[in-house]
Amino acid sequence: DARARPQSEELVSAMAAFKAANPGCAFEDFVRFDSPNDWIDAGPGESSGGRLSERMARAGNLWRSLWDETPALPALEQRPLFNAE
């Protein structure tokens, strides 16, 4: 977790922009958008629309922690991640 956190700037930026563009969204919505392989669609006869993969549902998951800590912020208001020059 300590090693991955500094490398997560791009993910946090995407989360902030997603939250700003989708008020009231949930972590599961972001996972379906950004990491579709980590969303398992409901099978026949299941009442829910699906669920998180085991990796994303695991306690202490870095993505979940970052999601909980990240405020909504439109991409235009974020500082650039890369130097365009």
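Everything numeric in this text was worked out from a predicted model, so none of it was measured.

(A) Looking closely at the overall build of the protein. Per the secondary structure count, the protein includes four helices and two strands. Secondary structure elements of the protein, listed N to C terminal, follow the sequence α-α-β-β-α-α. Dimensions of the protein along its principal axes, counting C-alpha atoms only, are 55 × 30 × 20 Å. Relative to its full complement of 85 residues, the protein shows a buried share of 29%. Summed over all atoms, the accessible surface of the protein reaches about 6,100 Å², with 51% contributed by carbon and sulfur. If you average the places of the 9 positive and of the 14 negative side-chain charges in the protein, the two averages end up 5 Å apart.

(B) View of helix α1 (residues 9–21). With 13 residues, α1 should cover 18 Å at 1.5 Å per step; its first-to-last C-alpha distance of 18 Å lies within 8% of that length. Taken as a whole, α1 has its buried residues at Leu11, Ser13, Met15, Ala16, Phe18 and Lys19. Contacts from the buried residues of α1 go to α2 (27–34) and α4 (62–69).

(C) Here's a closer look at the environment of Glu10. Looking at the element boundaries, Glu10 is found in helix α1. The exposure class assigned to Glu10 is exposed, which follows from its relative accessible area of 53%. Residues Glu10 and Phe82, 72 residues apart in the sequence, show an inter-C-alpha distance of 9.9 Å. When residues no more than four places from it in sequence are discounted, the contact partners of Glu10 are Leu81 and Phe82.

(D) Spatial organisation of the nonpolar core. Ranked by size, the top nonpolar core spans 14 residues in total, and within it Met15, Phe27, Phe30, Trp63 and Trp67 carry the most contacts. For this core, the secondary structure elements donating two or more residues are α1, α2 and α4. With four residues, α4 is the single largest residue contributor to this core.

(E) Up close: the side chain of Thr70. Here Thr70 lies in the segment after α4. At 2.6 Å, the side chain of Thr70 forms a polar contact with the backbone oxygen of Leu66. Sequence-distant contacts of Thr70, defined by excluding residues within four places in its chain, comprise Val12, Met15, Ala16 and Lys19.

Parameters and conventions
- Within each chain, residues carry numbers counting from 1 in the order of the written sequence.
- Note on the predicted model: pLDDT of at least 70 is required for a residue's local features to be given, and 80 or more for side-chain atom pairs to be given and counted; whole-chain, interface and lining totals, by contrast, use all residues.
- As a rule here, side-chain values come from all non-hydrogen atoms in the structure, and water together with hydrogens is ignored.
- Each helix corresponds to a stretch of at least 4 residues labelled H or I by DSSP, and each strand to a stretch of at least 2 residues labelled E; elements are numbered beginning at the N terminus.
- Note on exposure labels: buried denotes an accessible area under 20% of the residue type's maximum, exposed denotes more than 50%, and partly exposed covers the range between, all computed with a 1.4 Å probe on protein chains only.
- Methods summary: accessible areas were calculated by the Shrake-Rupley approach with a probe of 1.4 Å, and residue burial reflects only the protein chains presented.
- All tallies of charge rest on Lys and Arg as positive and Asp and Glu as negative; His and the ends of each chain are not included.
- The atom standing in for a charge is NZ when the residue is Lys, CZ when it is Arg, CG when it is Asp and CD when it is Glu.
- Under the convention used throughout, the expected extent of a helix is 1.5 Å for every residue step, that is, one less than its residue count.
- Note on contacts: a residue pair qualifies if any of its non-hydrogen atoms lie within 4.5 Å across the two residues.
- Remark: nonpolar core denotes a set of buried residues (Ala, Val, Leu, Ile, Met, Phe, Trp, Tyr, Cys) joined through side-chain atoms within 4.5 Å.
- Side-chain atoms alone can form a polar contact between residues adjacent in sequence; in general such a contact is a pair of N or O atoms within 3.5 Å, and within protein one must be able to donate a hydrogen while the other accepts it.

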